[in-house]
Amino acid sequence: MDTEKYITGIQHIGIPTNDIDKTVTFYQGLGFEIAHSIFNEAANEKVVFLKMKNVMIESYENHCAVMKAGAIDHIAMDVNNIDFLYNEMKAAGYNMVHDSVQFLPFWEKGIRFFIIIGPNEEKLEFCEKLTS
């Protein structure tokens, strides 16, 4: 499979938290700025995207963060043509988390994404920001 045609870079690193305010304050102290903040009603959690240069962290207050090494939940990659990529990866036998491409109302127009599980139980998210 030729995924490098569709993956354009790392979009964000997902870090769950039990205290979003403490997390935001910590990363702002390192020089990160809030790029986007939203309440995800579907998951009942506050979500904040923090950005410094080309590094983006998505932190979400889920009240069940493990609070130990290995606590990063997922790595998300920017992609284009997400429907085609989803179908190709599903046909190739990757361990898909969802039965279809998902939507969240993040950013201006929303995002579409899907997640696969890697060989070490890591989550890899493939995410396309919608422009229209």
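Residues numbered from 1 in each chain as written. Predicted model: local features only at pLDDT ≥ 70, side-chain atom pairs only at ≥ 80, totals over all residues. Heavy atoms only, no water.

Novice: Explain unusual backbone geometry here, please?
Specialist: Leaving glycine out, the prevailing phi sign among residues is negative, and the prevailing peptide bond configuration is trans. Despite not being glycine, Lys53 shows a phi value in the positive range, around 55°. The topology assignment puts Lys53 in the loop between strand S3 (45-52) and strand S4 (55-61). Given a relative accessible area of 74%, Lys53 falls into the exposed group. Located in the positive-phi region is Asn81, a residue other than glycine, with phi close to 55°. Within the secondary structure, Asn81 sits in the loop between strand S5 (74-79) and helix H2 (82-91). Residue classification places Asn81 among the partly exposed residues on the basis of a relative accessible area of 40%. (Helix = DSSP H or I, 4+ residues; strand = E, 2+ residues; numbered from the N terminus. Buried < 20%, exposed > 50% of the residue type's maximum accessible area, 1.4 Å probe, protein only.)

Novice: Is there a simple way to think about the pattern of salt bridges in this case?
Specialist: Opposite charge on two side chains lets them pair, provided their charged atoms get close. Counted by the stated rule, this structure contains 4 salt bridges. Between Lys123 and Asp73 there is a salt bridge, with its nearest N and O atoms 2.8 Å apart. Residue Lys123 is found in strand S9 (residues 123-129), and its partner Asp73 is found in the loop between S4 and S5; the two are separated by 50 residues along the sequence. Under the relative-accessibility criterion, Lys123 is labelled partly exposed at 29%. Among the residues examined, Asp73 registers a relative accessible area of 24% and is labelled partly exposed. The closest approach of N and O atoms between Arg112 and Asp83, which form a salt bridge, is 2.9 Å. Of this pair, Arg112 sits in strand S8 (residues 111-117) while Asp83 sits in helix H2, and the two are 29 residues apart along the sequence. (Salt bridge = Lys/Arg side-chain N within 4 Å of Asp/Glu carboxyl O.)

Novice: Where do I start with the nonpolar core in this structure?
Specialist: In summary, soluble globular proteins display a tendency toward joint burial of nonpolar side chains. In terms of nonpolar packing, the biggest core is built from 12 residues, these being Tyr6, Met77, Val79, Ile82, Leu85, Tyr86, Met89, Met96, Val101, Phe114, Ile116 and Phe126. Broken down by secondary-structure element, the contributors of at least two residues to this core are S5, H2 and S8. If one sorts the elements of this core by residue count, H2 sits on top with 4 residues. Ignoring any residue separated from it by four or fewer positions in sequence, one finds Leu85 in contact with Thr3, Tyr6, Val79, Phe114 and Phe126. Counting 11 residues, the second largest nonpolar core, distinct from the first, contains Tyr60, Phe106, Phe113 and Ile115. (Core = buried A, V, L, I, M, F, W, Y, C linked by side-chain atoms within 4.5 Å. Contact = heavy atoms within 4.5 Å.)

Novice: Before we go on, may I ask you to explain the side chain of Glu61 in this structure?
Specialist: Checked against the element boundaries, Glu61 lands in strand S4. A residue is classified by how much of its surface remains accessible, and Glu61, at 11% relative accessible area, is buried. Separated by 2.9 Å, the side chain of Glu61 and the backbone nitrogen of Ile20 make a polar contact. For Glu61, the contacting residues outside a window of four places in its chain are Thr17, Asn18, Asp19, Ile20, Glu45 and Lys46. (Polar contact = N/O pair within 3.5 Å; in protein donor to acceptor, adjacent residues only side chain to side chain.)

Novice: Would you explain the environment of Ala65 in this entry?
Specialist: With respect to the element layout, Ala65 can be found in the loop between S4 and S5. When the C-alpha atoms of Ala65 and Asp19 are compared, they prove to be 9.3 Å apart, with 46 residues separating the residues in sequence. Setting aside chain neighbours within four positions, we find Ala65 in contact with Pro16, Thr17 and Asn18.

Novice: So what exactly am I meant to see when it comes to H2 here?
Specialist: Along an α-helix, residues three or four apart share an orientation, since each turn contains 3.6 residues. Taken residue by residue, H2 has Ile82, Leu85, Tyr86 and Met89 as its buried positions. The buried residues of H2 occupy an angular sector of 100° when the element is viewed end-on, so they sit on one face. Against the buried residues of H2 lie S5, strand S6 (95-96), S8 and S9. One or two steps after H2, the chain reaches Gly93, where phi turns positive at roughly 90°. (Arc of directions from axis to C-beta.)

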